[in-house]
Amino acid sequence: MADNILNASGVAKFYGEAIKTQILFGVDLKVERGSFTAIIGPSGSGKSTLLNLLSFLEKPTAGDILIDDVSLAGMPSDSIARFRNTAMGFVFQFHYLLPEFTALENVLIPVWIRSGNAAPEMRQKALEIMRRIGMDKSVDKYPAQMSGGQQQRAAIARALINDPKIIFADEPTGNLDHETGESVLKLMKELIRERGMTLVMVTHDRDIALKADHIVELVDGKVCRAIDLSKVNEKTAREMLVERACRLES
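By convention here, each chain's residues receive numbers from 1 onward along its written sequence. Given that this is a predicted model, residues contribute local features only at a pLDDT of at least 70 and side-chain atom pairs are listed and counted only at 80 or more, while totals for whole chains, interfaces and linings are drawn from all residues. Note that water and hydrogens are dropped before the side-chain values are worked out from all heavy atoms of the structure.

1. Examining the pairing of strand β1 (residues 4-15)
Here comes step 1: Strand pairing requires that DSSP identify at least two bridges connecting the strands. By definition, any uninterrupted DSSP run of H or I lasting at least four residues is a helix, any uninterrupted run of E lasting at least two residues is a strand, and each is numbered from the N terminus. Across eight bridges, the pairing between β1 and strand β2 (residues 21-32) is antiparallel. Following the sheet pairing, Leu 6 is matched in β2 by Val 31.
Here comes step 2: The pairing of β1 with strand β4 (residues 62-67) spans five bridges and is classified as antiparallel. Counterpart to Asn 7 in the pairing with β4 is Leu 66.

Rendered as structure tokens:
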């Protein structure tokens, strides 16, 4: 039986008061611990909304989401914030580094949020992560002094610093050129494997999705299909994604 770190059941999301717009419709999703799951779908399919719900950045209108058997339903906002800081890491399309802080200081921000200061061992840990991702010569650089690839690598280091159980990434290579994007993705995969973490990533790039363990495709706010890449070879999976449009059953 699979060890699932994330379980979502019947997740729906509405926006608006007088006029309601439904974005997600009864989404069920399971994510295995230590796996890499890619969420794909056309523009407007609800990918980023689903990621925001799975990561507790927003609350669903209906349904429930559990991470490591911790339920979002009924949890106070301050408890959700603490849980996010200790159990989750985030990497977005834009790096969201604070411009007035150095690369090292940006990496340490989650530590400061959690404990109010960075003990010497945490600073050393941050330096080691930065060395591992090839940022050891950029420790004292400010974001404006770094390339796009360096900025995103610093964002990855920041996501890793608290040893989260699960990392959520929303188009993390979307602002990078192809070669840099490939390098950043390879690095992320290596790091989560080494540290036993789970990665859930939204991407529009099907070549990136094919490097995942599982692919979940959304269409019109519903799961249209799920592909287990341990059971389907890459050629077949590519044909499924490129040559056959996924259509919801009527």
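2. Here we look at the environment of Glu 17
Here comes step 1: Note on placement: Glu 17 falls in the loop between β1 and β2.
Here comes step 2: Accessible area is worked out with a 1.4 Å probe on protein chains only. A residue is then buried under 20% of its type maximum, exposed over 50%, and partly exposed in between. Assessed through its relative accessible area of 69%, Glu 17 is described here as exposed.
Here comes step 3: Put simply, Glu 17 and Lys 30 are 13 residues apart on the chain and 30 Å apart in space, counted from C-alpha to C-alpha.

3. Comments concerning the sheet that holds strand β7 (residues 166-170)
Here comes step 1: The strand order β6-β7-β8-β3-β9-β10 describes an open sheet built from six strands, whose pairing is mixed. The two strands at the open ends of the sheet, each matched to only one other strand, are β6 (88-92) and β10 (222-228). Averaged over all adjacent pairs, the angle separating strand axes in this sheet is 15°, with direction ignored.
Here comes step 2: By the bridge criterion, six bridges tie strand β9 (residues 214-219) to β10 in an arrangement that is antiparallel. Opposite Leu 218, over in β10, you have Val 223 as the bridge partner.
Here comes step 3: Contact between two residues is taken to exist if any of their heavy atoms lie within 4.5 Å; hydrogens are not considered. Lines fitted to the C-alpha atoms define the axes, with helices restricted to the stretch that makes contact. Angles between their N-to-C directions range from 0 to 180 degrees. Contacts from helix α5 (residues 148-160) reach β6 and β7 within the one sheet, and its direction differs from that of β6 by about 165°.
Here comes step 4: Contacting β3 (36-40), β9 and β10, helix α8 (residues 234-242) crosses the sheet at an angle of about 165° to β10.

4. Here we look at the layout of surface pockets
Here comes step 1: Method remark: on a 1 Å grid restricted to protein atoms, a set of points is classed as a cavity if a 1.4 Å probe fits but cannot get out and as a pocket if it is open with protein on both sides within 12 Å along at least five of seven lines; lining residues have an atom within 4 Å of a point. Grid points are joined across faces, edges and corners, and a volume is the space filled by probe spheres set on the points. Of the volumes computed, that of the largest pocket is approximately 430 Å³.
Here comes step 2: Surrounding the largest pocket, 15 residues form its lining, Asn 85, Phe 90, Pro 110, Ile 113 and Arg 158 being those nearest its centre.
Here comes step 3: When residues of the lining of the largest pocket are traced back to their parent elements, those giving at least two are α2 (77-87), β6, α3 (103-115) and α5.
Here comes step 4: Here the lining of the largest pocket gets four residues from one element, more than from any other, and that element is β6.
Here comes step 5: Here the lining of the largest pocket is built from residues that sort into 10 nonpolar, three polar and two charged. Gly falls in the polar group here, along with every residue not listed as nonpolar (Ala, Val, Leu, Ile, Met, Phe, Trp, Tyr, Cys, Pro) or charged (Asp, Glu, Lys, Arg).

5. With respect to the sheet that holds β2
Here comes step 1: Taking strand neighbours across the sheet as the criterion, the four strands line up as β2-β1-β4-β5 in an open arrangement whose pairing is antiparallel. Of all the strands in the sheet, just β2 and β5 (70-71) have a single pairing partner and so form its edges.
Here comes step 2: Along the sheet face, helix α1 (residues 47-54) touches β1, β2 and β4 and points at about 60° away from the line of β2.

6. Some points on the nonpolar core
Here comes step 1: Core analysis: the largest hydrophobic core is formed by 46 residues, its most contacted members being Phe 36, Met 130, Met 188, Leu 199, Met 201 and Ile 215.
Here comes step 2: Here this core gets six residues from one element, more than from any other, and that element is helix α6 (residues 178-195).
Here comes step 3: Membership of the second largest hydrophobic core comes to 29 residues, among which are Ile 39, Phe 90, Val 202 and Val 216. Each nonpolar core is a collection of buried residues, namely Ala, Val, Leu, Ile, Met, Phe, Trp, Tyr and Cys, held together in the definition by side-chain atoms within 4.5 Å.

7. Focus on the pairing of β9
Here comes step 1: With six of six residues buried, β9 lies mostly within the body of the structure.
Here comes step 2: Here β9 shows two buried faces, one formed by His 214, Val 216 and Leu 218 and the other by Ile 215, Glu 217 and Val 219.
Here comes step 3: Examined bridge by bridge, β3 and β9 share four bridges and lie parallel to one another. Along β9, the bridge assignment pairs Thr 37 with His 214.
Here comes step 4: Once β9 ends, the chain turns through two residues before running back antiparallel as β10, passing Asp 220 with a positive phi of about 50°.

8. Details of the packing of aromatic side chains
Here comes step 1: A pair of Phe, Tyr and Trp rings is counted when the ring centres sit within 6.5 Å of each other, with Trp represented by its six-membered ring. The angle between the planes then sorts it: under 30 degrees is stacked, over 60 is edge-to-face, the rest tilted. Using the criterion set out here, one finds six aromatic pairs in the structure.
Here comes step 2: Both rings, one in Phe 56 and one in Phe 83, keep their centres 5.8 Å apart while their planes meet at 25°; by these two values the pair is stacked. One end of the pair, Phe 56, is in the loop between α1 and β4; the other, Phe 83, is in helix α2, and 27 residues separate them in sequence.
Here comes step 3: Residue classification places Phe 56 among the buried positions, given a relative accessible area of 2%.
Here comes step 4: Taking relative accessible area as the criterion, Phe 83 reaches 14% and is therefore assigned buried.

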